[in-house]
Every structure is written in structure tokens, then in C-alpha cells.
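Chain by chain, the residues run as shown.
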Amino acid sequence: MSRKMTIEDVDFRGKRVFCRVDFNVPLNDRLEIEDDTRITAALPTIRYILEGGGRLILASHLGRPKAKPEAKYSLAPVAPHLAELLGRPVAMAKDCIGAEVVALTRKMADGEVLLLENVRFHPGEEKNDPEFSRQLAELAEVYVNDAFGTAHRAHASTEGVARLLQPAVAGFLMGKELEYLSGALAAPKRPFVAVLGGAKVSDKISVIENLLTKVDTLIIGGGMAYTFLKAQGVEVGKSLVEADRIELAGRLIAQAKEKGVSLLLPEDHVIAREFKADAEHRTCDNSDFPADWMALDIGPRTIAAYQKALAHAGTVVWNGPMGVFEFDAFAEGTFAVARALAESQATTIIGGGDSVSAVKKSGLEERMTHISTGGGASLELLEGKVLPGVAALTDK
Ligand code: ADP
Ligand code: MG
């Protein structure tokens, strides 16, 4: 990836700045903000632009409106909340395009903030319609993207408008995501270890294929491990197996061998009679897996082997829990990996929605180098894809 311009490369004084943020916050029935993490995450970028004398126009989506205005998806509740966080007024626009909004932007003074209404109230947003992009671009003179979580979507506010408003630069949140996720893949400190888990092989094929060309060690756990074990002829009882991916798993094992990548699979398991939080459970080895039980976590010997492989890593990328961590009885494998990462000197990077929840649940969040804010976007980076919202930014 070529290096992209960031907000530190721009003088914002007196400029109207179109800043795409991720204010897709959860609202309750009374339209109150349930969790403002995404708003606070954008504050460094917002403050930087305002302190630099920019006239800040904020754009975001919220929820999944059907390409028309819907009160329950209005961004209006965000304006007063953001005003309180910033300690300065935040004006709310009734729409995100049109003559009235243009007029509002022309009246702005340096350091003022205008929040646009939900960009997904218009069909042109998700279609990346050129005319809609042009109407967005008309509002401002500079483009900033700080919405990493939607950078894998080529929408008007993430891609189309960036092509029209130059310079188009990365905000702090976006810059940090790219620095760690792309940086780790491009120039990892070695040994480079990837830990992959989660539910299915089919969700992660491209991630595995891409990482196999980069890592020294690939650790596999979680539901996807059982398709790999099956490919090696191990009996896995009623564990999650994708019958139509067994052959592929076999090929990936062969590929790892050819490339000299050390591939680690579970040797023992925490098995249960059924998929339930309070299911009867015990441990077993690969050699004595009972036919009518299912594996819901990796076992203690596997944990020890994985911890050993992680102890001297230079870089660790982790996506996908090692077991059904949502159930306490099957969370130990995932938490043990989290502890191994917390204790290691490596650069540790975690991506993926459930993996991030698992790390938060483990209480070790603060001890990781980087926790990605974008589930889908981080997976696409790990797959080696170029994100459209990033590609559209101006090269350094
Ligand atoms: P991420 O969101 O981090 O990319 P995934 O969505 O791929 O992760 O997978 C997360 C899910 O995988 C979790 O809900 C977890 O319960 C499930 N899972 C992990 N191990 C197993 C297993 N052995 N059997 C069934 N499901 C599993
Ligand atoms: Mg998930």
C-alpha cells in the first residue's frame, strides 16, 4: 500500500472540512445514546481539526434506513452529546445535501461544527452515485476519513466524495488502524504468529490463504479447527465440521508445509454433550474423541502449546476466539490466548467483532498493542484486500 496523507499533512485554517466519521451508535427506544464509544473514538481527529481553525462538517451513517429519512435513524441525538463532549455548540443540519445545507456551511466560522443528517437517508450513498457524491463534495474544500469501520465499502461518503475533494486524508483513528494492520502485514517483527479461530473455515479462507504467505507460525483454534482435524483423519464427533471444506483444509495444511509455516492444531479439547452454557463437559485427546460429543474449547495441553508458540513472537495478529467464549465453561482457551498476548513483548493486534468482545471480556484490553474498531474492514485488510475508502485517499 502506498502511504496516504493524514490530517497532520494539512493546514485546516479557514477551510471547510468534510469529515466522515463513524457515529453509528446504538440508540434505545427513547432515542438516547446507549454507548458513545464510537463518538469518543473520533474526538482526537475532531479536536485537531477544530484547534487547527477548520470549519468542521461531520458526516456519518446510523443504522440501516431504507434509503429514505426515518426518525429512528436520525443523527440528531448525537449533536447535543457531542457538544457536551467538546464543550462547544454543534449545529444539526436537517439533511446532508441541498441548498439549505450548502447555505449553512457558507455561514460557518473557523472552529464551528455542523453535523449532517444520516447519509443513508439517500439512495445515492450506498450506490456511490456520482451526482450524490458531487452534492456532498460541494459542501467543503478538504476531505477527512476517520471511519475505518466503513472503509471497506465503496459508498459516496467513504469513496465517491474522496475522489472529488482533494486533498483527501486519513484521520487519527483511520491512520492508527492502517499503521498497525497494514504495517504488521507489510513489515512484521519476526517471528510473526497468526492466531485464527472463530466459527467457520468458510468465513476465513482468504484470511488463511493470505496469512500463509506471510507468517512463520499459524495457530488454529475455535470451530474452524475441526474441519482441519477432520482433514487429517482425526475423529471429532459432533464438533462443527464443514463437510464441503475438508478438502480445502487439507490443501491449506499441505500449503503450510510447502511454505515452511509451522501450523498448530488442537491436540486436546473441552468437549460437551450439547451446545449449551451448562452442558455436561470434560476434556479429551485427539486419540479418544467420543462420537456423540462436541468440542467447544481447546484443552489444557493445546493451551500450553499455543502459549509456548506465542511467548517469543515479534508480531501477533489474532482473529477468532478459540472456543465458545460466550459460555463461561468454554472460555478458558480464548482467555489463555489473551493472557499470552498480554504477557508477551510482541506487537499484538486484534481484529474481528467477536474476538474484540472476547478480549474486552477478558479484561486485558489495555495490554494489547492495537484493537481494531472495524470487524469487516480489519478482516478485508487481513485478506490482503485494498479498502476502497483507503485507496481513494491522496497519496503522500
Ligand atoms: P470474529 O467475529 O472475531 O471474526 P467469528 O465470527 O469468526 O469471529 O467467530 C466467533 C464465534 O465462533 C463465537 O460466537 C464463538 O462462540 C464461535 N466458536 C468458537 N469456537 C467454537 C466451537 N468450537 N464450536 C462452535 N462455535 C465456536
Ligand atoms: Mg463474528
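Use the structure listed above.
The structure contained in this document is the topic of the report that follows. Here the structure is a predicted model, which is why all the values come from computation and not from measurement.

## A word on helix α2 (residues 78–86)
Part 1 of the reasoning: Regarding α2, the residues found buried are V78, A79, L82, A83 and L86. Taken down its axis, α2 places every buried residue within 135° of arc, on the same side. Those residues of α2 that are exposed and aimed more than 90 degrees away from the buried face are P80 and E84.
Part 2 of the reasoning: Buried-residue contacts for α2 involve α1 (37–51), β2 (55–59), β3 (90–92) and β4 (113–115).

## Focus: the packing of aromatic side chains
Each aromatic ring pair is specified by the distance between its two centres and by the angle formed by the two planes.
Part 1 of the reasoning: Counting across every chain of the model gives four aromatic pairs.
Part 2 of the reasoning: Measuring from ring centre to ring centre gives 6.4 Å for F12 and Y48, while their planes differ by 90°; the resulting arrangement is edge-to-face. Highlighted residues: F12 in the segment before β1 (16–20) and Y48 in helix α1, separated in sequence by 36 residues.
Part 3 of the reasoning: Exposure remark for F12: the relative accessible area of 2% places this residue in the buried category.
Part 4 of the reasoning: Its relative accessible area of 30% is what places Y48 among the partly exposed residues.
Part 5 of the reasoning: Summarising the aromatic geometry, the rings of Y48 and F172 are spaced 5.2 Å apart at their centres and angled 85° between planes, so their arrangement reads as edge-to-face. Of this pair, Y48 sits in helix α1 while F172 sits in helix α7 (residues 172–186); the two residues are 124 residues apart in sequence, bridging distant segments of the chain.
Part 6 of the reasoning: What makes F172 partly exposed here is its relative accessible area of 29%.
Part 7 of the reasoning: In this structure an aromatic cluster arises from ring pairing among F12, Y48 and F172.
Part 8 of the reasoning: Note that R282 overlies the ring of W293, its terminal NZ or CZ placed 4.9 Å from the centroid.

## Points about the site of ligand 1
Part 1 of the reasoning: Surrounding ligand 1, one finds 18 residues, the nearest of these being K204, N319, E326, D354 and S355.
Part 2 of the reasoning: Within the backbone of A199, an N or O atom sits 3.1 Å from an oxygen atom of ligand 1.
Part 3 of the reasoning: In this structure, an oxygen atom belonging to ligand 1 sits 2.5 Å away from a side-chain N or O atom of E326.
Part 4 of the reasoning: When isolated, ligand 1 has an accessible area of 580 Å², and the protein chains bury 86% of it.
Part 5 of the reasoning: Looking at the shell around ligand 1, the elements that each hand over two or more residues are β12 (294–298) and α13 (353–362).
Part 6 of the reasoning: A class-by-class count of the residues in the shell around ligand 1 yields six nonpolar, nine polar and three charged.

What counts, and at which threshold
Residues numbered from 1 in each chain as written. Chains lettered and ligands numbered in written order. Predicted model: local features only at pLDDT ≥ 70, side-chain atom pairs only at ≥ 80, totals over all residues. Heavy atoms only, no water. Buried < 20%, exposed > 50% of the residue type's maximum accessible area, 1.4 Å probe, protein only. Helix = DSSP H or I, 4+ residues; strand = E, 2+ residues; numbered from the N terminus. Arc of directions from axis to C-beta. Contact = heavy atoms within 4.5 Å. Phe/Tyr/Trp six-rings, centres within 6.5 Å; stacked < 30°, edge-to-face > 60°. Lys NZ or Arg CZ within 6 Å of the ring centre and 35° of its normal. Near = heavy atom within 4 Å. Polar contact = N/O pair within 3.5 Å; in protein donor to acceptor, adjacent residues only side chain to side chain. Areas by Shrake-Rupley, 256 points an atom, 1.4 Å probe, with all protein chains shown as cover. Nonpolar A, V, L, I, M, F, W, Y, C, P; charged D, E, K, R; others polar.

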